[in-house]
Amino acid sequence: MTEKLGKTLQLLLVLAVIFGSHYLMPIRTMIEPPLNYLGLPLILAGVLLDVWAASLFRDRQTSFRLRGGGASLVTDGPFGFSRNPVYLGMLAALLGLAIFLGSLTAFIYPILFFILFQFVFIPLEERRMEGAFGEEYLDYERRVRRWL
């Protein structure tokens, strides 16, 4: 299975879980139409941020994975205001989806995403980045915030 297909299947699975839990276990509707449509621009902004970050990696012929070799430290574009613009884009899209769906159930997912990435995944990634890029990464870490 190609990496793109795997990522697409992961995305579809996440969306199925969010929509499924929203419709099968709605806790409470918090945001009613038409206010829920305010989530759509947030979803779009998150997706565009991810696409922008991914295009920089593609242009630099580097990978999101540090183990693949040929990695370079990207610090411009969205990486100039966030060390994790891909995760920021995902969080924005999840929050936008929660607003669009409007139920308390849907808001569980962006909260869980933030907690997992803030306290588990990003710290692990930062240690790998420091190991791969040393002082160059530490300087970048001092200049640019983790999220915004």
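Keep in mind the model is a prediction, meaning the values are calculated, not measured.

Draft legend 1. Up close: helix α2 (residues 39-59). With 21 residues, α2 should reach 30 Å at 1.5 Å per residue; the first-to-last C-alpha distance of 30 Å fits that figure. Where α2 is concerned, the buried positions are G39, G46, L49, D50, A53, S55, L56 and F57. Contacts from the buried residues of α2 go to α3 (85-101). Trailing α2 by a residue or two, Q61 shows a phi angle of about 55°, which is positive.

Draft legend 2. Just the packing of aromatic side chains, in detail. Under the definition given, this model contains 9 aromatic pairs. Judged by centre distance (5.3 Å) and plane angle (40°), the rings of F114 and W147 are tilted. Pair noted here: F114 is in helix α4 (residues 104-133) and W147 is in the segment after α5 (135-143), with a separation of 33 residues, a long-range link. W147 sits in the buried class, given a relative accessible area of 13%. For the pair Y137 and Y140, a centre-to-centre distance of 6.1 Å together with 55° between the ring planes defines the contact as tilted. Remark: Y140 and Y137 occur in helix α5; sequence separation between them is 3 residues, near one turn of the helix. Residue Y140 is classed as buried on the basis of its relative accessible area, which comes to 2%.

Draft legend 3. Representation of the pattern of salt bridges. Tallied over the full model, the rule gives 5 salt bridges. Taking the shortest distance from any N to any O, the salt bridge between E126 and R83 comes out at 2.6 Å. Of the two residues, E126 is situated in helix α4 and R83 in the loop between α2 and α3; the sequence distance between them amounts to 43 residues. What makes E126 buried here is its relative accessible area of 11%. Note that E126 is salt-bridged to R146, the shortest N-O span being 2.6 Å. Linking E126 in helix α4 with R146 in the segment after α5, this pair joins segments that are 20 residues apart in sequence. If you follow the salt bridges from partner to partner, you end up with R83, E126 and R146 in one network.

Procedures and definitions
Residues numbered from 1 in each chain as written. Predicted model: local features only at pLDDT ≥ 70, side-chain atom pairs only at ≥ 80, totals over all residues. Heavy atoms only, no water. Helix = DSSP H or I, 4+ residues; strand = E, 2+ residues; numbered from the N terminus. Expected span 1.5 Å × (residues − 1). Buried < 20%, exposed > 50% of the residue type's maximum accessible area, 1.4 Å probe, protein only. Contact = heavy atoms within 4.5 Å. Phe/Tyr/Trp six-rings, centres within 6.5 Å; stacked < 30°, edge-to-face > 60°. Salt bridge = Lys/Arg side-chain N within 4 Å of Asp/Glu carboxyl O.

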